[in-house]
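Chain residues, written in single-letter form:
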Amino acid sequence: MRFLKLALCVLLLVGVAACSSGKFKTYRGPAVTQILVYKGQRKMYLMHFDKVLTAYDIHLGGNPVGHKQFEGDGKTPEGLYQINRRNPNSKFHLSLGVSYPNEQDVEFALSQGKRPGGDIFIHGRPAPYRSWGDDWTAGCIAVTDKEIEMIYAMVRDGTPISIYP
């Protein structure tokens, strides 16, 4: 009898722990074939070919107009990149890496005697950053924590991301 109670308690604890880890979602819908970001509209679309699967309001770098050229310029890149990494332990809840800088970005920055920067991500917005206004990142694309949970589940590494002015 004592063993049965212990076993039930363990199962209950495991069940509660599994339910409380809502950070990692499961997605079984159509594949995300590309991500479209329109900086001027502050919109991001997850696409299945030419069909919009979901749309999100976004926040950008603190200096959002124009293409990111140098480390610390506060701009979000423009152009064609890929999702190239995942960070389940991001200080911004969850994050998906954008392949900035590409060869052209590096060449341009070096030709100006500067570094191109990097570590551009799509990420969440934990509580400490919620009062920072609309465009608050260092050049990343931010959504809510709940939204990045779904995006993280839907988007695979290698997914193209087009970022427009």
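Residues numbered from 1 in each chain as written. Predicted model: local features only at pLDDT ≥ 70, side-chain atom pairs only at ≥ 80, totals over all residues. Heavy atoms only, no water.

Undergrad: Just give me the short version of unusual backbone geometry, but keep the residues and values in it.
TA: The omega torsion of the bond from Y100 to P101 falls at 5°, within 30 degrees of zero and hence cis. Its identity is not glycine, yet F49 carries a phi of approximately 55°, on the positive side. Within the element layout of this structure, F49 appears in the loop between β2 (43-48) and β3 (51-57). A relative accessible area of 56% means that F49 is categorised as exposed. You will see that H93, though not glycine, has its phi angle at about 80°, which is positive. (Helix = DSSP H or I, 4+ residues; strand = E, 2+ residues; numbered from the N terminus. Buried < 20%, exposed > 50% of the residue type's maximum accessible area, 1.4 Å probe, protein only.)

Undergrad: Break down the sheet that holds strand β5 (residues 95-98) for me, with residues and values.
TA: Strand order in the open sheet made by the 8 strands is β3-β2-β1-β8-β4-β5-β6-β7, with mixed pairing throughout. The outermost strands of the open sheet, each flanked by one partner alone, are β3 and β7 (141-142). Relative to strand β6 (residues 120-123), β5 is paired through 4 bridges, and the arrangement is antiparallel. Residue pairing for β6: S95 is matched across the bridge by H123. Each of β2, β3, β4 (79-87), β5 and β6 touches helix α3 (residues 145-154); the most contacted strand, β3, lies at about 150° to it. (Pairing = 2+ DSSP bridges. Contact = heavy atoms within 4.5 Å. Axes fitted to C-alpha atoms, helices over the stretch in contact; angles between N-to-C directions.)

Undergrad: How would you summarise the pattern of salt bridges if you had to cite specific residues and measurements?
TA: Scanning all chains against the criterion turns up 8 salt bridges. The closest approach of N and O atoms between D73 and K68, which form a salt bridge, is 3.0 Å. Exposure class is identical for D73 and K68. Each is buried. (Salt bridge = Lys/Arg side-chain N within 4 Å of Asp/Glu carboxyl O.)

Undergrad: Give me the lowdown on the side chain of E149, citing residues and values where you can.
TA: Position of E149 among the secondary structure elements: in helix α3. Apart from residues no more than four positions distant in its own chain, E149 is found in contact with G22, K23, K25, H93 and L94.

Undergrad: Now, about the packing of aromatic side chains: what can you tell me, with residues and values included?
TA: The final tally for this structure, using the stated rule, is 6 aromatic pairs. Residues Y38 and Y45 carry aromatic rings whose centres are separated by 6.0 Å and whose planes lie at 70° to one another, so their mutual orientation is edge-to-face. Accessibility expressed as a relative area gives 26% for Y38, which makes it partly exposed. The structure contains a cluster of three or more aromatic residues connected by ring pairs, namely Y38, Y45 and Y164. Sitting over the face of the ring of F70, K114 holds its NZ or CZ atom 4.5 Å from the ring centroid. (Phe/Tyr/Trp six-rings, centres within 6.5 Å; stacked < 30°, edge-to-face > 60°. Lys NZ or Arg CZ within 6 Å of the ring centre and 35° of its normal.)

Undergrad: Which residues make up the environment of I163, and what values go with them?
TA: Considering the arrangement of structural elements, one finds I163 in strand β8 (residues 160-164). Using a relative accessible area of 3% as the deciding quantity, one classes I163 as buried. With 87 residues separating them along the chain, I163 and T76 place their C-alpha atoms 8.6 Å apart. In contact with I163, other than residues within four places in its own chain, are V37, K39, P77, E78, G79, Y81, V98 and I141.

Undergrad: So what's going on with the nonpolar core? Residues and values would help.
TA: I35, M44, I122, I141, I151, V155 and I161 are the most contacted members of the largest nonpolar core, which totals 25 residues. Those elements that provide at least two residues to this core are β1 (34-38), β2, β4, β5, β6, α3 and β8. Considering every element that reaches this core, the biggest residue donor is α3, with 4 residues. (Core = buried A, V, L, I, M, F, W, Y, C linked by side-chain atoms within 4.5 Å.)

These results come straight from atomic positions and should not be treated as a statement about function.
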